[in-house]
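Listed here are the chains, written in short residue letters.
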Amino acid sequence: MGCKEMTESRDMITVHVNVEITAASLQTIVENVKHIAGRDEKGVYRVDTADKVSEMISRFLQDNDFEGYVKYIENY
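Our subject in this report is the structure included herewith.

Calculation notes
Residues numbered from 1 in each chain as written. Predicted model: local features only at pLDDT ≥ 70, side-chain atom pairs only at ≥ 80, totals over all residues. Heavy atoms only, no water. Helix = DSSP H or I, 4+ residues; strand = E, 2+ residues; numbered from the N terminus. Buried < 20%, exposed > 50% of the residue type's maximum accessible area, 1.4 Å probe, protein only. Salt bridge = Lys/Arg side-chain N within 4 Å of Asp/Glu carboxyl O. Contact = heavy atoms within 4.5 Å. Phe/Tyr/Trp six-rings, centres within 6.5 Å; stacked < 30°, edge-to-face > 60°. Expected span 1.5 Å × (residues − 1).

As for the overall build of the chain
Across its full length, the chain holds 4 helices and 0 strands. Going from N to C terminus, the chain has its helices and strands arranged as α-α-α-α. Here the chain, with 76 residues, has 9% of them falling under the buried criterion.

A few points about the pattern of salt bridges
Pairs can form between side chains of opposite charge once their charged atoms are near each other. All told, the structure shown has 2 salt bridges when counted by the stated rule. A salt bridge links Arg46 to Asp40; its shortest N-O distance comes to 2.9 Å. A salt bridge links Glu55 to Lys52; the shortest N-O distance between them is 2.9 Å. Separated by 3 residues within a single helix, Glu55 and Lys52 lie in helix α3 (residues 49–63), roughly one turn from each other.

Quick notes on the environment of Ile21
Looking at where Ile21 falls in the secondary structure, it is placed in the loop between α1 (3–9) and α2 (23–37). If we ignore the near neighbours within four places in the chain, the residues touching Ile21 are Leu26 and Ile57.

Notes on the packing of aromatic side chains
Summed over the entire model, instances satisfying the criterion amount to 1 aromatic pair. A centroid spacing of 6.2 Å and a plane angle of 20° characterise the contact between Phe66 and Tyr69, whose relative ring orientation is stacked. Of this pair, Phe66 and Tyr69 both sit in helix α4 (residues 66–70), separated by 3 residues, roughly a single helical turn.

A closer look at α2
Helix length check: α2 (15 residues) gives 21 Å between terminal C-alpha atoms against 21 Å at 1.5 Å per residue, within 8%. Where α2 ends, the next residue or the one after it, Gly38, has phi of about 75°, a positive value.

In structure tokens form, the structure reads like this:
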């Protein structure tokens, strides 16, 4: 089941949080998103890397059963 299918089948809300990731992870995301998006006619990258980080973390949480993870009190 893909990320979009999972989102459509569950009640989802957007939560704004601070998340710690490594600088290397962020650098890799920025490089990959720039590569995918490419430059516009002026040679500028028009991409919101913060949105991509949000998408990727959300997809990771869905794919790795965050809902199941939070059910166990031992994880707090």
